[in-house]
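The lines below spell out each chain.
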There are 2 protein chains.
Amino acid sequence: MINFRIIFKVLGLLLLLEGLFMLFAIPFSLYYHDNDLVPILISSGISIITGGLTWIFFIKTPTSFGRREGYIIVTFSWIIFSFFGSLPFVLSGEIPNFTDAFFETISGFTTTGASILNDIESMSHGLLLWRSMTQWIGGMGIIVLSIAILPILGIGGMQLFIAEVPGPTPDKLHPRIKATATRLWGIYIIFTGLEAIFLLFGGMDLFDAVCHSFTTMATGGFSTKQASIAFYASPYIQYVITFFMFLAGTNFTLSYFALHMKFGKVWKNEEFRFYVGLLLGVTFIVSVVLYFTENLPVEGSFRNAVFQVVSIITTTGYVTADYSRWVPFLWVIILMLMFTGGSAGSTGGSIKMMRILLLLKNSWLELKRMIHPNAILPVRFNHRSVSSQIISNVLAFIIFYLLITIFGVIVISFLGYDLDSSFGAVAATLGNVGPGIGAVGPAENYYHFSGFGKWFLSFLMLMGRLELLTVLVIFSPSFWKK
Amino acid sequence: MINFRIIFKVLGLLLLLEGLFMLFAIPFSLYYHDNDLVPILISSGISIITGGLTWIFFIKTPTSFGRREGYIIVTFSWIIFSFFGSLPFVLSGEIPNFTDAFFETISGFTTTGASILNDIESMSHGLLLWRSMTQWIGGMGIIVLSIAILPILGIGGMQLFIAEVPGPTPDKLHPRIKATATRLWGIYIIFTGLEAIFLLFGGMDLFDAVCHSFTTMATGGFSTKQASIAFYASPYIQYVITFFMFLAGTNFTLSYFALHMKFGKVWKNEEFRFYVGLLLGVTFIVSVVLYFTENLPVEGSFRNAVFQVVSIITTTGYVTADYSRWVPFLWVIILMLMFTGGSAGSTGGSIKMMRILLLLKNSWLELKRMIHPNAILPVRFNHRSVSSQIISNVLAFIIFYLLITIFGVIVISFLGYDLDSSFGAVAATLGNVGPGIGAVGPAENYYHFSGFGKWFLSFLMLMGRLELLTVLVIFSPSFWKK
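Calculation rules
Residues numbered from 1 in each chain as written. Chains lettered and ligands numbered in written order. Predicted model: local features only at pLDDT ≥ 70, side-chain atom pairs only at ≥ 80, totals over all residues. Heavy atoms only, no water. Least-squares fit on C-alpha atoms with pLDDT ≥ 70 in both. Contact = heavy atoms within 4.5 Å. Helix = DSSP H or I, 4+ residues; strand = E, 2+ residues; numbered from the N terminus. Buried < 20%, exposed > 50% of the residue type's maximum accessible area, 1.4 Å probe, protein only. Buried area = accessible area lost by both parts, 1.4 Å probe. Salt bridge = Lys/Arg side-chain N within 4 Å of Asp/Glu carboxyl O. Polar contact = N/O pair within 3.5 Å; in protein donor to acceptor, adjacent residues only side chain to side chain. Nonpolar A, V, L, I, M, F, W, Y, C, P; charged D, E, K, R; others polar. Expected span 1.5 Å × (residues − 1).

Caption draft 1: The relation of the copies chain A and chain B, seen in detail. Rotating chain A by 180° about the axis while translating it 0.0 Å along that axis superimposes it on chain B, leaving an RMSD of 0.0 Å. On the angle and the small slide along the axis, the relation comes out as a two-fold axis. Most of the interface of chain A is mirrored in chain B: 100% of its interface residues are interface residues there too.

Caption draft 2: Just the side chain of asparagine 432 of chain A, in detail. All names here are of chain A. In this structure, asparagine 432 sits in the loop between helix H18 (419-430) and helix H19 (451-465). Classification of asparagine 432 as buried rests on a relative accessible area of 0%. In contact with asparagine 432, not counting residues within four places along its chain, are Thr110, Thr111, Thr112, Thr219, Thr315, Gly349, Met461, Gly464 and Arg465.

Caption draft 3: Representation of the interface of chain A and chain B in the model. With 47 residues of chain A in contact, the opposing surface of chain B contributes 47 residues. Roughly 4,300 Å² of surface becomes buried between chain A and chain B when both sides are summed, with 81% attributable to carbon and sulfur atoms. Area buried by chain A at its contact with chain B is led by Met370, Ile371 and Leu419 of chain A, which between them contribute 16% of it. Viewed at the interface, chain B and chain A are joined by zero salt bridges. Linking chain A with chain B are zero residue pairs in polar contact (both at pLDDT 80 or more). Breaking the side of chain A that touches chain B down by element, the ones donating at least two residues are helix H4 (67-85), helix H15 (328-337), helix H16 (353-371), helix H17 (388-414), H18, helix H20 (469-475) and helix H21 (477-480) of chain A. A per-element tally of the side of chain A that touches chain B places H17 of chain A first, with 13 residues. Among the residues forming the side of chain A that touches chain B, the class breakdown is 34 nonpolar, seven polar and six charged.

Caption draft 4: Fine view of helix H3 (residues 37-57) of chain B. All names here are of chain B. Spanning 21 residues, H3 covers 30 Å between terminal C-alpha atoms, matching the ideal 30 Å at 1.5 Å per step. Of all the positions in H3, only Pro39, Ile40, Ser43, Ser44, Ser47, Gly51 and Gly52 are classed as buried. Tucked into the core, H3 has its buried residues touching helix H1 (4-22), helix H2 (26-32), helix H4 (67-85), helix H5 (87-91) and helix H7 (125-153).

Here it is in structure tokens:
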């Protein structure tokens, strides 16, 4: 029996918190006099009252839940946040269509950054702050999810983290979440603050600095400018953002070690080395090709390359150059990078470095196994052998990812989009990147999709963000049996 | 120690046989007086002498070999056949460039059907017959390989066949190959003859009927006409070819059962049901969309749909309509079908139905395993449970297939092709289909690729045809150790 009381209790409390978060937009609303105060207050009120009443109604239910309740709470917290989070946009009339508002909001909470806005600069400041904040909150959610919850549910090889996470032993869910979340949220908040300060130094104003810090650390990619980071010609600003995107795509537990001066532990981490290696390798190739094809100076080629590579690998989705106008070779590489994602335990989406690395290691061993069919050759990761159970979890995850991509491309092409656009839209939403290629390239947005298309892509964003299986499992009949 | 003597002996004998096969082109050469008699005789002579001498030189080496020798023999038999098989094209001057001739020939022996010819009808008849025959010989090779050799090497789940194959128990390689090969080659030859007779009834002349039967049963797709099967307006001919493509994409052991009136055994086979189901389902969708978008009558829509779907699913690659001009949704589906392939144990290439089915079954169970993490839920196939060993072989195969596809797309896009064309070229060569989309669509060919591009695509055809791992394993350093 699924215990719905507990689900309502937890979701109620979370919704209450969302309502409180909305209030952070108030100072900016007051300062800029944009007439968005009332809709924000109403939305906040609705969320606080609905959430608060639900929570209080079920407050006596003991908060210990099983696997199934866990899946439902995770999936529905993102859905409910997006539903209530879209209220300010609808009530203010700035995004009057509910489908559009929901798309923009779930694109925020899933840290995707796919937008339907044709004129971002015309939006009021309070709402832009809330829009950036949805990503920042989404990033906080992902930190808990990927470091404290998914490993316990055993999704897609995330078990590999349990041993890695600093804090008490992982035998009990509750104290673990608290201790880990507190530590890593601390780092998340520190990095956000640092980035804002660095951006202020570069001449960005406070409002834009806060918004961009929010969406960088979440690997979200919502910008307050229609032209995204291309708006800022300053190389300093572009490099600062590149650096913080890189941090946001790094396992937060490694940042924790680094802040405690345990650099050896960071560098010994195989996923981190793979992440840095891939990033440098691809940046080098892209820089060279850009230099010879785009007539840019050396520094400009490197800056565009490193910014765009880091932005896509980490699934942030900021843009300093319209990569869809580069030679096909380069945007094919960009498209491929949408499937790698940042490190596991970061706020980045997509398949993630750890899984790609385990996949490659296992494939390599598979060749060895063909020559020595009776030898036992386990995959080794960070000097420990990985159980075949985890390897098959990882492979299953990647295969689900590809099956959903294929299904998605068929659906989007059915709506009349060509292969580039369909592939781009699916890769960029499922991977929580934001901009894709073709009709959803960096200079375009998602406004032109039909209502059905927007709901479908919203669903892809949700699935991608919640590591697919968390959502898919709810659709499996055996989930509901007994 | 790898025993090279045995490798030379076997390859020598096979090359001798190739030389003898070339002689089948002589009657057609004589009948049509095309001046291709001398180059064919010289090529045949070179092959017979080179092969024969090598064979005789090593004739005393006992013919029992291990795993490693097996991999080398399989890979190099295709390479050597393509090398010597391209001699008639080069010596006659009809394809003067060796790279082009090699591409065309390996495209034949791998039953791919990708062509560099801009004017097929201008070729002499003897050479066209040889061109068709390369595919037919390739098909014979694949029957032995996939039913008698790969299962023993344990490649990509092909072990599942061992129990299925009629004949003596699979404890010894030699008697098994003989018995199985004789039975299934018999069926292959009977079907080829039947198709030729049916095509003659439809008004095709003997030469074209023989050539098309050769390339249908091999799921090869070389046509004697530049317009492929679109040359024949007759619905009868198109339906006959559709039917025989369907047979060629069916496991030949099932055809063996069917010819022995054991229809129950055929219908109980899960792969066959999946193959038929997918084929009918996709044909229905394509027919409906064609009817509404292409202004064709009902029968014409159905005929184009079923022909093209069967042609691509079986990896034959014949064309009656330029599907790349259909709405994107339809050619996206066609592109996806290039990754399914026919049944295992057929002459079709690509991933193959059995693996796709096992992949889907395993993914479904993976969801169940998430809810009941301690339950043991084996994949069942044809009412037997499949070992986790075989499942991981299958998953590894599919992942290698995708990794090579990704690598291929990056390489081809580097040569300056856009995503559609790169993806199309890789899917169509690795999957042994022939025509792709974009710059290699059904109305185009592969002539425009650079020399490097042609060699690279030749390599993809070879890997695809030999189930990837057979070729890849030779590149693994541990293959050559000790």
